[in-house]
Each structure stands twice: as C-alpha cells, then as structure tokens.
Amino acid sequence: VRVMLLVLALCTACKSPSQRESERRERARSAIAAADLAVSALAGNRVPRQFTLRVLEESARQLRDAREEGEAQRLDSLRQTLAR
Amino acid sequence: MKKILQLALGILTAIGGFFDIGNLVTGAQAGASFRFQLLWALALGTLMVIVLVEMSGRFAAVSGKTIPEAVREHFGVRVWAIPFLALVLLHVLTLGAEIGGVAYALQLITGVSYRLLVIPVGVLIWLFLWRATFSAIEYSTALLGMVTVCFVVAAVKLDPPRHEVMVGLLPTLPKDDAPKYWLYAVSIIGALLAPYLFYFYSSGAVEDKWDQSYRWINRGIAVSGMTFGAIVSAGCIVVAGMALQPRDIAVDSINQMAMMMTGVFPHWGFALFAVSMGIACVGAASEVALSLAYTTSQTLGWEWGENMEPAKNARFALTYTSGILVAALVAIAVNPLALTIYTMALNAALLPIVTVPFLLLMNDKHLLRKYSNRMPGNATVLAIVIISLVLFVVSLPLLVLGGG
C-alpha cells in the first residue's frame, strides 16, 4: 500500500505546467465545439431545445473551469436568448 | 432442433446483453479522442471475454455448480472472502453506473434532471426483478437490446476509411497524451471484462439446467454472441471517431456523446441514442443486480434463483433490493460518466483477484474431469490477468489526476 501511495504521489507531482495548460486548452476547445454542435443541431431541428440549453450551460461551466471567462459569457448570453 | 433454437436465442441474448453504459462511454471517449486507434483494445478485450465466458459456461455445464459455490466448497469461505468483497464493490459501482445511465437517457428524452430520475428508475428495475422470471428478464432485455445495432448501421452509413479502421485493430503507441490513451484502453478492456458478465452467465446456465451436452452451445454463444456484441461496440467507436473527433469534442459529458448520431440520422439520431442507451442500461442493470444476488447467495450458501417466488427466496431478493438502493445512492452522488470510466478501470485492476480462484477451479480434474482447462486455456487467462493489470498500472497517473 505504501509503495502504491508513493507511486500515486509521484504521479500527481509529476504533471508539468505545460501539460496542465494543454489540457485546459483542450477542455475549452471541446466545450466550445460541443456548444456549437448543439446550437446547429437545434437549428436543424435535430435535438430538443431543452437539451441545447443544458449543453450551453454545461459548456459555460467547463469554460469557467478552464478560465475562459469571455467564451463562457458568450455562451451564457446565447443560452438566455434561446431560453426566451 | 431445440438446441439450435437455444443456441440462436443464446447468441441473441449475448448480443443484446453485451452492450452497456461501460461499452458506450469508453467507446465514445476512445473514438472522440483517438478516432479508431483504440480498436485494438476492443479486439483484445473481446478475445479475453470469449475465453472467460466459454470457461464459466463450461464449468457450469459440466459441474452443475456456479463459481462461488464451488470456490466456497473447495477452498473455504476465508479464501473467497477477498475476491467476494471485491466482487460486491464492483457490482455495486457497475449497478450505480447502469442506473445512472438509464436516468440520464430519460433526462435526454424528458429534460428532467437525472438525479430526480435515479430513484424511480431504481424502483422500476427492482419491480421488474421482483415480478419477472429469469427467462423473461434474459430474453426481453436481450431482444430490446438489439436496438443498439443502430451504432453499426450508423458506422456503415458514415463510411469510415477502411484502411484506417484496419490499422486501428493493430496496437500502436499514442502520438500524444499517453496516460489518457492507456486509461481508455484499460477502460475498454474493463468494460468488456466486467465480472458480472461471467458470474451472471454461469448462474444463468445453472438456472437453465445446462448439462454436458450444452458444451457446444456454450462455445457457440461465447464466440458468436461476444463477437457480434463487440461489433456493436466497434460501431460506437467508429461513430464517435467520425462524428465527434473531427470537431474536437473530447466527450467530457454524456450530453456531448448524445449528439454523435444527429449527423447520420438527422431527425431521429438523438432519440435513437437515448433509447439505445436507456435500454442497454436497463438490461445491464437487471443483470448486474441479479449477479450481485447470485454471487452473495452462492457465497453464503443461501437459497438462490430468480425463478423462485421472492417470498420463498427472501435473502436473495433482499440482496438485489439493497444492492439497487445503495447503487442508486451512488448514482445520485457521482457523475455517471466519471463513475463509469473509473469503475471500468477498476474492473480491469481487480480482475486478477476475481479470476485466480476461478482459474484454479478450472484445473480441478475431480470436478471437471476431461473438460478441465488445458495449457492454452490457462496461458490465455494468465495473459489476460497480466495484460489488464499492466494496463491499469500504466493508466494510474490519469486515474489519480482525475482526467477521465
């Protein structure tokens, strides 16, 4: 168990800042792409409106976690427009 | 003629019952992040599951006993205690993931939050198990589960580059993000090798009163059913690889997965995904809950059998009832996607613990006579255990860092 814990601790410590930055960007890109796909699917009547609103809310949250406040606000305002 | 019909039904059951939340999530994530590059993990896992399912069926058909019963009788309760506890943990986590999957599918259709739907879903699954016989559960969920073939149809319609698909069947090293690649590989294998599958299968064989004459039926079901089932999983990887990967959608949530078929089936792709996911998870949840009750009852020497009235089989019914309750609470507390990916990785990690006693039994000449394992069978199981353990260790960094 001790060896396992040591390995886990080392693994956690080993993640470089550049890796973290790359993951953050990847998550932000994925959230924006999902939101775009949900909006275009709604426009084509392929998904329910409620679903698109949920994807936009989820993507905005992911973008905030990835420190992309500007994009998160854009999705929030898009969601508010669609919710009306 | 009767046996041919049983073989056909068995294959249908295996196909319909094969696909669950684990295959869906791991397949979608693997396809969305690495396109077809992880198809090899699916192929390897399928070979492994064929071997293990064939063995568990052969064991039940020849000995007339289930695995926990035989381990308890041969090695005592103490030896079986740790594998049994590992099995209970895996069953509860898997059941939580399946119940969460059904609730999420309903959320996609109704818009109501899945957390509110978890308890009603748990109650419905419990009612289904309470009222239905083993055959009714087996065949209804399997036949409804055929809807998941839509992933294969979608994959064919998307016309993926064949060369790239074939290359994906060969193991390759990742170009980047190695921990994520190995985590997805181990999760795909873990989803295929979920212990409930062979414990449920061997208990089902005893419930259906298999004898030695069922050995070839068992072999047919294991090979054909698992292979066709794996083709559905491959369809899921290919669809995600074609529909989500080019858009940079890495599948961080089930909502993102739900859009994978909206391009290929414009007006009903979304509903088809939700229905497929819901049905696959209902079938798997029923099987996992029963498997938990089978394993517990057989370990503790209680009366067991889904064909018996719950009133005459109280401890068996109480086990799946409490299992569903605990799993529903887990499903409410933990995000279904994260719960699935970690449970599947854990399946692979704990595989040695739950497989080694089984392997010892498969070599017992008194129990299985001329049908006991030979060298190739033993070598394959040992290879399965080692590969799944190595993959798990390699993927540990990402598991710890929560990147799943």
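What you see is a predicted model; the values in this text were computed from it and never measured.

Draft legend 1. The packing of aromatic side chains, seen in detail. Residues and elements named next belong to chain B. Enumeration according to the criterion identifies 18 aromatic pairs over all chains in this entry. Seen in terms of ring centroids, Y104 and Y114 are 5.1 Å apart; in terms of plane orientation they differ by 35°. Their pairing is tilted. With Y104 in helix α4 (residues 67–110) and Y114 in helix α5 (residues 114–131), this pair connects stretches of sequence that are 10 residues apart. Relative to Y294, the ring of F200 lies with its centre 6.3 Å away and its plane at 50°, an arrangement referred to as tilted. Taken together, the residues span a long stretch of sequence, with F200 in helix α10 (residues 195–207) and Y294 in helix α13 (residues 269–300) at a distance of 94 residues. For the residue pair F200 and Y294, the accessibility class agrees, reading buried in each case. By way of ring pairs, the aromatic residues F34, W40, Y181, W182 and Y184 are connected into one cluster.

Draft legend 2. Region of the structure containing α5 of chain B. All names here are of chain B. Given a rise of 1.5 Å per residue, 18 residues ought to cover 26 Å, and the 25 Å separating the end C-alpha atoms of α5 matches this to within 8%. Buried within α5 we find Y114, L117, V118, V121, G122, I125 and L129. Buried-residue contacts for α5 involve α4, α6 (134–145), α13, α14 (314–333) and α15 (336–362).

Draft legend 3. How the structure looks around helix α4 (residues 69–83) of chain A. All names here are of chain A. Along its 15 residues, α4 runs 21 Å from first to last C-alpha, staying within 8% of the 21 Å computed at 1.5 Å per residue. Regarding α4, the residues found buried are A72, L75 and D76. Buried residues of α4, viewed axially, fall in a sector of 105°; they line one side. Residues of α4 that are buried make contact with α2 (17–43) and α3 (49–65).

Draft legend 4. Geometry of the environment of L143 of chain B. Residue position: L143 of chain B is located in helix α6. When its relative accessible area of 47% is taken as the criterion, L143 of chain B is described as partly exposed.

Draft legend 5. Main features of the environment of W126 of chain B. Residues and elements named next belong to chain B. By the secondary structure assignment, W126 is in helix α5. Residue W126 is classed as partly exposed on the basis of its relative accessible area of 25%. Linking W126 and K365, residues 239 residues apart in sequence, is a C-alpha distance of 40 Å. In this structure, W126 is in contact with Y320, T321 and I324, ignoring residues within four places of it in sequence. Looking at W126, its side chain comes within polar contact range of the side chain of T321, at 2.8 Å.

Draft legend 6. View of unusual backbone geometry. Of note, the phi angle at N45 of chain A is positive, near 60°, even though the residue is not glycine. With respect to the secondary-structure elements, N45 of chain A resides in the loop between α2 and α3. Look at N45 of chain A and you get exposed, because its relative accessible area is 59%. Phi at V251 of chain B is positive, roughly 60°, even though this residue is not glycine. Tracing the sequence through the fold places V251 of chain B in the loop between α11 (215–243) and α12 (254–257). On the basis of relative accessible area, V251 of chain B is assigned to the buried category, the value being 1%.

Draft legend 7. Looking closely at the confidence of the model for chain A. Taken over all residues, the pLDDT of chain A has a mean of 84, while the share at 70 or more is 81%. The spread of mean pLDDT over the elements of chain A runs between helix α1 (residues 2–13) of chain A, the lowest at 55, and α3 of chain A, the highest at 94.

Draft legend 8. Fine view of the nonpolar core. By size, the foremost hydrophobic cluster in this structure holds 154 residues, and its most contacted members are L38, M257, M260, M261 and F273 of chain B. Here this core takes 17 residues from α4 of chain B, the largest share from any one element. Ignoring any residue separated from it by four or fewer positions in sequence, one finds F273 of chain B in contact with L24, L108, F151, M257, A258, M260 and M261 of chain B. In this structure, A35, L56, A60 and A66 of chain A belong to the second largest nonpolar core, which totals 9 residues.

What counts and how
- Residues numbered from 1 in each chain as written.
- Chains lettered and ligands numbered in written order.
- Predicted model: local features only at pLDDT ≥ 70, side-chain atom pairs only at ≥ 80, totals over all residues.
- Heavy atoms only, no water.
- Phe/Tyr/Trp six-rings, centres within 6.5 Å; stacked < 30°, edge-to-face > 60°.
- Helix = DSSP H or I, 4+ residues; strand = E, 2+ residues; numbered from the N terminus.
- Buried < 20%, exposed > 50% of the residue type's maximum accessible area, 1.4 Å probe, protein only.
- Expected span 1.5 Å × (residues − 1).
- Contact = heavy atoms within 4.5 Å.
- Arc of directions from axis to C-beta.
- Polar contact = N/O pair within 3.5 Å; in protein donor to acceptor, adjacent residues only side chain to side chain.
- pLDDT = per-residue confidence, 0-100.
- Core = buried A, V, L, I, M, F, W, Y, C linked by side-chain atoms within 4.5 Å.

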